[in-house]
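Listed below, chain by chain, are the residues.
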Amino acid sequence: MLGAQGEGEGEGGIRQLIDFALSFLRRRYAVIIFATAIAMALCVVYLRITPPTYTAQVKVLIGNPKAQFLQQQSLLSEPVFDFNQLETQIQLIRSSAIAGDVIKKLKLFDDPDFNNSHPTLMSLFHKFRVILLPKFDRSNNKPPELTENDLIEAFQGRLKANRVNSSSVVEISFNSSNAARAAEIANAVANAYIADQLNARFETNRSATAWLQDRLRDLNDQALTAERAVNAYRIQNNIIPSGGTPIDEQRISDLNSRLITARAQAAEAQTRLNNYTAVLQTSSESPSATGTLGAVGADTLNSPVINNLRQQYLELVRRESEWSARFGRNHLTVINLRTRMQDLRSSILDEVRRLAEVSRNDFESAKRRQQEIEKQLSEAVSLSRATNTAEITLRELEIRAKNYRNLYDTFLQRYTGSTQQETFPISDARVIYPAMPPDRKSKPKTSLILALGLFGGIALGVGLGLLRDAMDGVYRTPAQLEATLHLHCLSLVPRWRAPKRPRSSDAQQPAEDPHRQILSAQPSINWAVIDMPLSRFAEAIRSIKLGIDLNPSDTSSKVIGITSAVPNEGKTTIAASLAQLIGHGGKSVIVVDCDLRNPSLSASLTPSATAGIVEVVQGKRSLEETVWRHPKTGLIFLPAVRRGPLLHTSEILSANAMQKLFATLRASYDYVIVDLPPLSPVVDVRVTGALVDGFILVVEWGRTKIDVVQHALHAAPHIYERMIGAVLNKTDIKAMGRYNAYLNDYYSESHYARYGGGDSIRSLSN
């Protein structure tokens, strides 16, 4: 259910919006049509007096890629075409230099689009010059000649250059009254820009080449000077390289190699000597150690003498062992073998001693050679240390000379490439889509101008209509009344125009007969509900009575006060008509005129009355002597006679006698209708709260200001709390149909013509 309710509220809001739009169109369609017609007329006039303009477009690619070999040979680095670079190129296209070149090339000084015969630009320019230049000879009908700056400004005003989407393509467009001329100028601008780029690059390369040539000359001189300084310093410090290496370093390297070899030889000789010494020591301690002589060192086995003697010794040892086992150890043969073995052992030891002596001599020789080489190496190192500072300075000189030479070679290579590139110029831009004469004009666009005029006129009309509604500030619809006052709108009382009512037999009788005081039949509006019961006016009064009878408040609604915010809103007519309707329906009703300061109802119904409510309250007259009657409807009227200015009307209305009078009326009649004064001018209504059960506020349609009514009710809160509702009086039903169309659906003129409604009757104001 909540969802359905929300959907219904949404549909209701849309429906209300549609109803408001339709009612607004019904109200303000004339303003909207008038504004639209004016706007369309202005658009047509503009299209007729404005000459056509044709726009030619040419597309130029910025950042034209070069061949790889050209990029390598280029003296200047290639720029990266980002967004900022493209914007820079666009500004160059629109520059005064490009404009001046095109103007001179195409001789635009004689072009009708730019000289004094141009129908729009030059005429306006001439008018401004006349105003701004007081020294201008106004007697001369010809405007002053254009200067070059003026022509360039006019040219730039027609020239546009924009980037195409996010690409590197720039679209150049030019406006002219001639299609072919526009295309020619657009292509000329593109060609002038490309030529300017070529000239700028050529001038830049030529300047760079000239600077590079001078720089090469300076670098060559500096390189030669640095190389000569290296050679002179090398000779001065006796630093002569051999195979690319200095002599001192080469000698130290050779001595190191020789020292290593000498140390190896000395170590080897010492090892052999130690081996021989060990063999001799072992043999002296153990005579039988001769057989293990080969285990001491390899040098002993290298001697053929020792090897031969050792083989013989081993053979004798074998035979001695065999013979000792066969013949015994003391056998003469065995003893001879032992003697021979001793001789061989002595011979071997003698040979070992000889070899040991040779090894000792070799060791001492190697040691002396090692010491000599170490001495030479120490001297060479000392000499090398003395030349270290000179070598450091030499290296610095060599590095400087090498850098100058490398820099010279690099610049020489770039210079060669630059001189070659000067003979092959290429631009960074090229035309990819040349301009063609346009087939149709670019402006003014007829369809666009007319559409803008149509929608602009409609928008202007709607705006004026909304402005008029916003500045209206009066009540036009029941919804508006209910929204601002939070009161029920009981009825819309139409504005009527009534013919004179013929005098009948019930005309006013002389006032001397108090029992025959008859209400006046004039004006006829007071009797409209009786004479035309099926009219809109009568139906509106019935709606008021129904609202009184259906009043949801707990208090009774027998005494009804009719008031308004300001005078002349028709409250008196509403009070009289409501009483007529109630009396005609068979109920007993009395109308009391409590507007003591301006008793207009009394002046209308009883113009010859001599006594009224004031006299009754003061006790000068009785109620029966003062009231007036209508024999046909039974309506009873208690007038208020104004004999002079009443200064204390509020005290009269709040007096106890007035309360007693209304208590009597409440008990005697079914309805008591009280015509009260307006709220804003006087305070009399505020003291009638004890007299009246409920109030009805009469508001004049289309005249009474909203803020005035709100202020009046705010000043009388106790009156506002007892309000039964409000009535929109003097409503223009035909105009009201522009606010609420449904009001005309039932209350049509044919309906009232069928039932004797006659012409609409305009109610009389109070």
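Since the structure is predicted, the reported quantities are computational estimates derived from the model, not experimental observations.

The next point concerns the overall build of the protein chain. Regarding its fold elements, the protein chain presents 27 helices and 14 strands. Sorting the 766 residues of the protein chain into buried and exposed places 42% on the buried side. A total of about 42,000 Å² of accessible surface is found on the protein chain, and carbon and sulfur atoms cover 55% of it.

With 58 residues, helix H7 (residues 179-236) should reach 86 Å at 1.5 Å per residue; the first-to-last C-alpha distance of 85 Å fits that figure. The residue sitting at the N-terminus of H7 and contributing the capping side-chain oxygen is Asn178; that oxygen lies 3.0 Å from the backbone nitrogen of Ala180.

On to the sheet that holds strand S3 (residues 169-176). Read across the sheet, four strands follow the order S2-S3-S1-S6 without closing on themselves; strand pairing throughout is antiparallel. Each edge of the sheet is formed by a strand with only one pairing partner; in this case those strands are strand S2 (159-163) and strand S6 (429-433). Shown here is a sheet whose adjacent strand axes are inclined to one another by a mean of 30°, direction ignored. Judged from the four bridges that link them, strand S1 (residues 54-62) and S6 form a sheet pairing that is antiparallel. Across the sheet, Lys59 pairs through a bridge with Tyr433, a residue of S6. H7 rests against S1, S2, S3 and S6 of the sheet, and its axis sits at about 20° to S1.

Once that is clear, we can look at helix H22 (residues 656-668). Working note: α-helix, 3.6 residues per turn, so residues spaced by three or four point in the same direction. Counted at 1.5 Å a residue, the expected span for H22 with its 13 residues is 18 Å, and the 18 Å between its end C-alpha atoms agrees. Taken as a whole, H22 has its buried residues at Met658, Leu661, Phe662 and Leu665. One side of H22 carries all its buried residues, which in axial view fall inside an arc of 95°. Opposite the buried face of H22, at more than 90 degrees from it, the exposed residues are Asn656, Lys660 and Ala667.

Now for the pairing of S3. With seven of eight residues buried, S3 lies mostly within the body of the structure. As defined by bridge partners, S1 adjoins S3 across eight bridges and the pair is classed as antiparallel. Residue pairing in the sheet places Tyr54 in a bridge with Ser176 of S3. In terms of strand pairing, S2 meets S3 through five bridges, oriented antiparallel. Its bridge partner being in S3, Leu159 is matched across the sheet by Phe174.

This part covers the packing of helix H16 (residues 536-549) against helix H17 (residues 571-584). Each pair of packed helices can be summarised by the angle the axes make with each other and by the distance between the axes. Interhelical geometry of H16 versus H17 gives an angle of 80° and a closest axis separation of 9 Å. Taken together, H16 and H17 sit at an angle that is classed as roughly perpendicular. Residues Phe537, Ile541, Arg542, Ile544, Lys545 and Ile548 of H16 form the contact with H17, whose participating residues are Thr573, Ile574, Ser577, Leu578, Leu581 and Ile582. Within the contact of H16 with H17, the residues separate by chemical class into eight nonpolar, two polar and two charged.

Looking at the secondary structure, you find Phe174 in strand S3. Among the residues examined, Phe174 registers a relative accessible area of 0% and is labelled buried. Each C-alpha atom, one on Phe174 and one on Thr53, is 9.8 Å from the other, the two residues being 121 residues apart in sequence. Each residue touching Phe174, except ones within four places of it in the same chain, is listed here: Tyr54, Thr55, Ala56, Phe114, Phe155, Arg158, Leu159, Ala182, Ile185 and Ala186.

Looking now at the sheet that holds strand S14 (residues 723-731). With respect to topology, eight strands assemble into an open sheet ordered S7-S14-S13-S8-S12-S9-S11-S10, the strand pairing being mixed. A strand with exactly one partner marks an edge of an open sheet, and here the two such strands are strand S7 (489-494) and strand S10 (628-629). Across five bridges, the pairing between strand S8 (residues 559-564) and strand S13 (residues 694-700) is parallel. Bridged to Ile560 within S13 is Gly694. Strand contacts of H22: S8, strand S9 (589-593), strand S11 (636-638) and strand S12 (671-675), with the helix running at about 140° to S12, the strand carrying the most contacts.

Next up on the list: the packing of helix H4 (residues 96-106) against H7. Between H4 and H7, whose axes approach to 9 Å, the crossing angle comes to 125°. As judged from the angle between their axes, H4 and H7 are oblique. Judged by the sense of rotation from one axis to the other, the crossing of H4 with H7 is right-handed. Residue-level contacts link Ile98, Val102 and Leu106 of H4 to Arg181, Glu184, Ile185, Ala188, Val189, Ala192, Tyr193 and Asp196 of H7. Of the residues in the contact of H4 with H7, the class split is eight nonpolar, no polar and three charged.

It is worth spelling out the pattern of salt bridges at this point. Enumeration according to the criterion identifies 21 salt bridges in this entry. For Lys545, the salt bridge is made with Asp549, and the minimal N-O distance between the two is 2.6 Å. Here the residue Lys545 and the residue Asp549 both occupy positions in helix H16, the gap between them amounting to four residues, near one helical turn. The exposure class assigned to Lys545 is buried, which follows from its relative accessible area of 19%. Glu700 is paired through a salt bridge with Arg703; the nearest N and O atoms lie 2.4 Å apart. By relative accessible area, Glu700 is classed as buried at 6%. Relative accessible area serves as the criterion here: at 41%, Arg703 is assigned to the partly exposed category.

What counts, and at which threshold
Here the residue numbers are simple positions, counted from 1 along each chain's written sequence. In keeping with the predicted nature of the model, local features appear solely for residues at pLDDT of at least 70, side-chain atom pairs appear and are counted solely at 80 or more, and the whole-chain, interface and lining totals rest on all residues. Heavy atoms throughout the structure, all of them, feed into the side-chain values; hydrogens and water do not. Elements are defined by DSSP. Helices are runs of H or I of four residues or more, strands are runs of E of two residues or more, and each kind is numbered from the N terminus. Note on exposure labels: buried denotes an accessible area under 20% of the residue type's maximum, exposed denotes more than 50%, and partly exposed covers the range between, all computed with a 1.4 Å probe on protein chains only. Areas reported here follow the Shrake-Rupley algorithm with a probe of radius 1.4 Å; residue values treat only the protein chains shown as occluding. How far a helix is expected to stretch is found by multiplying one less than its residue total by 1.5 Å. Each polar contact in these results corresponds to two N or O atoms within 3.5 Å; when the atoms are within protein, one needs to be able to donate a hydrogen and the other to accept it, and residues that are neighboring in sequence are counted only if both atoms are side-chain atoms. If DSSP finds at least two bridges between two strands, the strands pair. Angles run from 0 to 180 degrees between N-to-C directions of axes, and those axes are lines fitted to C-alpha atoms, restricted for helices to the stretch in contact. Contact criterion: two residues are considered in contact whenever any of their non-hydrogen atoms come within 4.5 Å of each other. Comment: arc refers to directions from the helix axis out to C-beta atoms. Should an angle fall under 35 degrees it is taken as roughly parallel, and over 145 as roughly antiparallel, whereas 65 to 115 is taken as roughly perpendicular and any remaining angle as oblique. Classification used: nonpolar for Ala, Val, Leu, Ile, Met, Phe, Trp, Tyr, Cys and Pro, charged for Asp, Glu, Lys and Arg, polar for all others including Gly. The handedness criterion is simple: a crossing whose near helix is rotated anticlockwise from the far helix by less than a right angle is left-handed, and one whose near helix is rotated clockwise is right-handed. Between Lys or Arg on one side and Asp or Glu on the other, a salt bridge is scored when a side-chain nitrogen of the former is within 4 Å of a carboxyl oxygen of the latter.

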